[in-house]
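# Structural overview
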Amino acid sequence: MRVCALVLLAAVVSCGGAAALSSPAPSATGGAATIAPAGTVTATAITSTIVPGTIPPNSTPTPSATPSPAPGGLTQAKLKYRIIDRFGPLAFCDPDYYPVARADEQSLAHQRLPDIQKDAPTFGAILVHLGIATNPPYTDEQELAIYRDWKMLNALRLDQISAGFHFNGVFVGFGSPITTGVVRVDGTIDQQGSITVASSSPSGRPPCPICLARGTRIATPSGDVAVEGLRVGDLVWTIDAAGVRVALPLVEIGSTPVPATHRVVQLRLDDGRAVDVSPGHPTADGRKVGDLSAGDRYDGARVVSAELSPYVGGATFDVLPEGATGVYWANGVLLGSTLR
């Protein structure tokens, strides 16, 4: 399964379908919770940096602090490093390149250093892990390494449970520094840093980002279902090569953790339909959602607004139905899939 995560280029392709296709009755507009690159691993630090595109620079929100310390044990930053040291660098969507490519990463590293330093336990863990002296000034190379580790730590989500914390991520170099495999690991880590693996399986380096907000409703013959609740084999409504609506099984499902800096497009149509989706997500007629503007015609309606908005859902999702087009209805809006 191509789950989204790392630093990597976004291989988002269009999914067929025609611009004149309109949304069928079965999908009511569901409320989507406002639920976000290719990378290089360098030196002692685990650095994941996306291959930048050619989109003009745009300022990025200030990154949020990694929660710390973990009650009664290691700080969350140290716990995350324990996970990374064991499984390899995290594959994640770098917020400086997705959903919109931004300014020079070196400049951003210098600009955000004071904010990173405010979270003293996390900043200290980064310095120790990178082998950087605690006393400034720092070189440009050191600032960039600190910033890249900060972004990666933010992208590795720890959910508190009774035994410590649960994590689920895609890692490069599973089990050994010389291993180049990409593996999805689901497990737990207690507050002293002991890791228990529930499952691990090979994973590819899929396009980034997987696009739908948590809670987005996908049209199925049994009614609309939240995207995160679907499984491979479930039937959804799609369109065949002749433009006829048919029910076909899902052949692939993807999801990716996203940082607090991720943003989605809030697409609003004049017939009341609305969906929150990443800008790179393909439309059913070969465009990208981020290319839509107020006044454009789409899916039998007119776009009222298509504006970027912060997203705090923790992960984004996508599905791929069987068939020639790969399209589906999300909150009643016909979309393509990033998983083709």
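Everything discussed here concerns the structure shown above.
To keep things clear, this report deals only with the structure shown in the data block. (Residues numbered from 1 in each chain as written. Predicted model: local features only at pLDDT ≥ 70, side-chain atom pairs only at ≥ 80, totals over all residues. Heavy atoms only, no water.)

## Examining the overall build of the chain
Scanning the chain from N- to C-terminus turns up four helices and 16 strands. Within the chain, buried positions represent 53% of all 340 residues. By element, 54% of the accessible surface of the chain is carried by carbon and sulfur atoms, the whole surface being about 13,500 Å². (Helix = DSSP H or I, 4+ residues; strand = E, 2+ residues; numbered from the N terminus. Buried < 20%, exposed > 50% of the residue type's maximum accessible area, 1.4 Å probe, protein only. Areas by Shrake-Rupley, 256 points an atom, 1.4 Å probe, with all protein chains shown as cover.)

## Some points on the pattern of salt bridges
Under the criterion given, the structure shown has eight salt bridges. Between Asp-115 and Lys-118 there is a salt bridge, with the nearest N and O atoms lying 3.5 Å from each other. With a gap of three residues between them, Asp-115 and Lys-118 both fall in helix α2 (residues 105–118), about one helical turn apart. Taking relative accessible area as the criterion, Asp-115 reaches 25% and is therefore assigned partly exposed. The salt bridge partner of Asp-276 is Arg-268, with a shortest N-O separation of 3.1 Å. By relative accessible area, which is 25% here, Arg-268 ends up partly exposed. (Salt bridge = Lys/Arg side-chain N within 4 Å of Asp/Glu carboxyl O.)

## Here's the deal with helix α4 (residues 140–155)
With 16 residues, α4 should reach 22 Å at 1.5 Å per residue; the first-to-last C-alpha distance of 23 Å fits that figure. The buried count for α4 comes to 13 of 16 residues, which makes it a mostly enclosed element. (Expected span 1.5 Å × (residues − 1).)

## Let's talk about the pairing of strand β3 (residues 182–189)
Burial runs high along β3: seven of the eight residues are buried. In this structure, β3 lies alongside strand β4 (residues 195–202), joined through seven bridges in antiparallel fashion. Bridge pairing links Gly-187 to Val-197 in β4. The antiparallel pairing of β3 with β4 creates a hairpin that spans five residues between the two strands, and Gly-193 there sits at a positive phi of about 95 degrees. (Pairing = 2+ DSSP bridges.)

## Points about the sheet that holds strand β2 (residues 164–172)
Taken together, four strands build an open sheet; the order of strands is β1-β2-β3-β4 and the sheet is antiparallel. Where the open sheet ends on each side, the last strands, each with one partner, are β1 (159–161) and β4. Neighbour-to-neighbour, the strand axes of this sheet turn through a mean angle of 25 degrees, independent of strand direction. Looking at chain direction, β1 and β2 are connected through three bridges and run antiparallel. From the neighbouring strand, Gln-160 faces β2, where its bridge partner is Phe-165. Relative to β2, helix α1 (residues 76–87) is tilted by about 40 degrees, and along the sheet it contacts β2, β3 and β4. (Axes fitted to C-alpha atoms, helices over the stretch in contact; angles between N-to-C directions. Contact = heavy atoms within 4.5 Å.)

## Looking at the packing of aromatic side chains
Across all of its chains, the model carries four aromatic pairs by this definition. Their ring planes at 40 degrees and their centres at 6.1 Å tell us that Phe-87 and Phe-167 sit as a pair that is tilted. With Phe-87 in helix α1 and Phe-167 in strand β2, this residue pair connects regions lying 80 residues apart in the sequence. The exposure class assigned to Phe-87 is buried, which follows from its relative accessible area of 1%. (Phe/Tyr/Trp six-rings, centres within 6.5 Å; stacked < 30°, edge-to-face > 60°.)

## Re the nonpolar core
Counting residues in hydrophobic clusters, the biggest one holds 36 residues, and the most contacted among them are Ile-83, Ile-146, Phe-167, Phe-171 and Ile-189. Of all elements in the fold, only α1, α2, α3 (120–130), α4, β2 and β3 reach the threshold of two or more residues within this core. Among the elements that make up this core, the one with the highest residue count is α4 (eight residues). Core analysis: the next-biggest nonpolar cluster, separate from the first, contains 32 residues, Leu-212, Ala-315, Phe-317 and Leu-335 among them. (Core = buried A, V, L, I, M, F, W, Y, C linked by side-chain atoms within 4.5 Å.)

## Some points on the environment of Val-225
With respect to the helices and strands, the residue Val-225 is situated in strand β7 (residues 225–226). A relative accessible area of 27% places Val-225 in the partly exposed class. For the pair Val-225 and Ala-330, spaced 105 residues apart in sequence, the C-alpha separation works out to 9.5 Å. The contact partners of Val-225, leaving out residues within four places of it in the chain, are Thr-216, Arg-217, Ile-218, Thr-220 and Leu-230.

## Brief notes about unusual backbone geometry
For the peptide bond that leads from Pro-136 to Pro-137, omega is 5 degrees, which places it in the cis range. As for its placement among the helices and strands, Pro-137 is situated in the loop between α3 and α4. A positive phi angle, near 50 degrees, is found at Asp-299, a position not held by glycine. Within the secondary structure, Asp-299 sits in the loop between β12 (297–298) and β13 (301–310). In this model, Asn-331 sits at a positive phi of 55 degrees, which is unusual for a non-glycine residue.

## Description of the side chain of Asp-318
With respect to the helices and strands, the residue Asp-318 is situated in strand β14 (residues 315–321). Classification of Asp-318 by relative accessible area gives buried; the value is 0%. In this structure the side chain of Asp-318 is engaged in a polar contact, spanning 3.4 Å, whose partner is the side chain of Ser-337. Engagement of the side chain of Asp-318 in a polar contact is seen with the backbone nitrogen of Thr-338, the distance being 2.6 Å. (Polar contact = N/O pair within 3.5 Å; in protein donor to acceptor, adjacent residues only side chain to side chain.)

## A word on α2
For an α-helix, 3.6 residues make a turn, and residues three or four places apart therefore share a direction. Here α2 spans 20 Å end to end across 14 residues, near enough to the 20 Å set by a 1.5 Å rise per residue. Of all bends in α2, the biggest is about 45 degrees, found at Arg-112, and the proline Pro-114 comes one to four residues later. By the burial criterion, the buried members of α2 are Glu-105, Leu-108, Ala-109, Arg-112, Leu-113 and Ile-116. The secondary structure elements touched by the buried residues of α2 are α3 and α4. In this structure Asp-104 caps α2, since a side-chain oxygen of it lies 3.2 Å from the backbone nitrogen of Gln-106. (Bend = angle between axes of the 7 residues up to and from the residue.)

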